[in-house]
Amino acid sequence: MALSPEQKLQYEKDGFLVLHDFMPVELCDKLRERAVKLVDEFDPSQFIIFTTNDQTRVSDEYFLESGDKIRFFFEEGAFKDGKLVFPKNVSINKFGHAMHDLDPVFEEFSYYPNISHLVKSMDSYKNPIAVQSMYIFKQPHIGGEVNPHQDSTFLFTEPLTTLALWFALEDATLNNGCLWALPGSHKNGIARRFIRNPNGKGTTFTPEGSKNPDYDLSKFVPLECKKGALVLMHGSCVHMSYKNTSPQSRHAYTLHVIEGDESVAKYPKDNWLQRGEGLPFRSIV
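Residues numbered from 1 in each chain as written. Predicted model: local features only at pLDDT ≥ 70, side-chain atom pairs only at ≥ 80, totals over all residues. Heavy atoms only, no water.

Is there a simple way to think about the packing of aromatic side chains in this case?
The relative placement of two aromatic rings is captured by the distance of their centres and the angle of their planes. Considering all chains together, one arrives at 23 aromatic pairs under this definition. Aromatic rings pair up to connect Phe22, Phe42, Phe72, Phe74, Phe95, Phe106, Phe109, Tyr135, Phe137, Phe167 and Tyr253 into one cluster. Positioned above the aromatic ring of Phe73, the side-chain terminus of Lys94 is 5.3 Å from the ring centre. It is Arg192 that lies over the ring of Phe205; its NZ or CZ is 3.7 Å from the centre. (Phe/Tyr/Trp six-rings, centres within 6.5 Å; stacked < 30°, edge-to-face > 60°. Lys NZ or Arg CZ within 6 Å of the ring centre and 35° of its normal.)

Pasting the structure below:
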């Protein structure tokens, strides 16, 4: 599935594009079933809480070593006095970050021909590689708000080449916390970077002391879509989602792609996400 000239212009203008009926519903259901099984098999004795407020991250090895593994992260509201408030299967915020290369079902979805053809048609990459995958649950009632942010803050290349492919595995609506995006915001670059702390363990934002800008939320537009849709998003596009207070979940799968040819773009060694030599990044095409 290739982008039309009109779709390319729309993407270049807004920094995002919603492509309806992009993935077969059967593949979406298969991915959801696999995610449920992986959660069932997960032992929550060791975990960290995925904090969405100001995009802070708990600085521990469980997170930093997830670039070439599959790791699970709970919602903030999932625990009280050290105990789960809700059952495990409805308490996890997401898991990531290398399912696309480690799990056969996720691999089948991530390297599906539709995706390869789409990325090729953008004419923006010499060697597009998939660097990160995330399965996001947006759980009923406790699915946390994600404040405005830019994906290139977390997956930086020089020059900027990050592309997010966000797949709706369930209908994403205003009620269950669909994506919201700020049209044209990708044209302004990024405000800061999230890196491995050069002064010790953990992570930090650079420049030191930098804050996320205050955005006018009235200018964001909702990206409601049905199961099977793909939201294509520039890494510098500012986006967010509100808390899911509804009784319906909003499962989604995100795959991040960057330019893998080092003569075109560099992936710094201080980026938080790194892989060992045993699992190199793979081309998406």
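After presenting the structure, the write-up continues.
Help me out: how do you make sense of the pairing of strand β6 (residues 92–97) in this one?
Extensive coverage of β6 is indicated by the burial of 6 of its 6 residues. The pairing of strand β3 (residues 70–74) with β6 spans 5 bridges and is classified as antiparallel. Bridge pairing links Phe72 to Phe95 in β6. Sheet analysis places β6 next to strand β7 (residues 128–136), joined by 4 bridges and oriented antiparallel. (Buried < 20%, exposed > 50% of the residue type's maximum accessible area, 1.4 Å probe, protein only. Helix = DSSP H or I, 4+ residues; strand = E, 2+ residues; numbered from the N terminus. Pairing = 2+ DSSP bridges.)

Help me understand the pattern of salt bridges in this model?
Side-chain pairs of opposite charge can arise where the charged atoms are in close proximity. If you walk through the whole model with that rule in mind, you get 14 salt bridges. The salt bridge involving Lys13 is made with Asp14; its shortest N-O contact spans 3.4 Å. Of the charged contacts in the structure, one is a salt bridge between Asp101 and Arg275, with a shortest N-O distance of 2.9 Å. Taken together, the residues Asp101 in helix α4 (residues 99–102) and Arg275 in the loop between β16 (252–259) and β17 (282–283) connect sequence positions 174 residues apart. Each member of the pair, Asp101 as well as Arg275, carries the same accessibility label: buried. Salt bridges sharing partners connect three or more residues here, namely Asp101, Glu107, Arg275 and Arg282. (Salt bridge = Lys/Arg side-chain N within 4 Å of Asp/Glu carboxyl O.)

Sorry if this is basic, but what is going on with the sheet that holds strand β10 (residues 179–181) here?
Neighbouring strands of a sheet are bound in pairs by backbone hydrogen bonds; such pairs are parallel or else antiparallel. Pairing is antiparallel across the open sheet formed by 4 strands, whose spatial order is β8-β15-β10-β13. Pairing within the sheet leaves two strands with one partner each, and these edge strands are β8 (146–149) and β13 (221–222). In terms of strand pairing, β10 meets strand β15 (residues 239–241) through 3 bridges, oriented antiparallel. Paired with Ala181 across the strands is His239, a residue of β15.

How do you make sense of the pairing of strand β14 (residues 230–234) when you look at a structure like this?
Where a strand is regular, its side chains alternate between the two sheet faces. Among the 5 residues of β14, 4 are classified as buried, and the element is accordingly described as predominantly covered. With 4 bridges connecting them, strand β1 (residues 16–19) and β14 associate as antiparallel partners. By the bridge assignment for β14, Leu19 is matched with Leu230. Alignment of strand β9 (residues 163–168) against β14, held across 5 bridges, turns out to be antiparallel. Note on β14: the bridge partner recorded for Phe167 is Leu230.

Help me understand the nonpolar core, please; the structure alone is not making it clear to me.
Within soluble globular proteins, side chains that are nonpolar generally end up buried alongside one another. Counting 56 residues, the largest nonpolar core has Phe95 and Phe167 as its most contacted members. The contacts of Phe95, once residues within four sequence positions are left out, are Ala35, Leu38, Val39, Ile70, Arg71, Phe72, Phe106, Ser133, Met134, Tyr135 and Phe137. Counting 20 residues, the second largest nonpolar core, distinct from the first, contains Ala168, Leu179, Val231 and Ala252. (Core = buried A, V, L, I, M, F, W, Y, C linked by side-chain atoms within 4.5 Å. Contact = heavy atoms within 4.5 Å.)

Remember that the coordinates give geometry; whether it matters functionally is a separate question.
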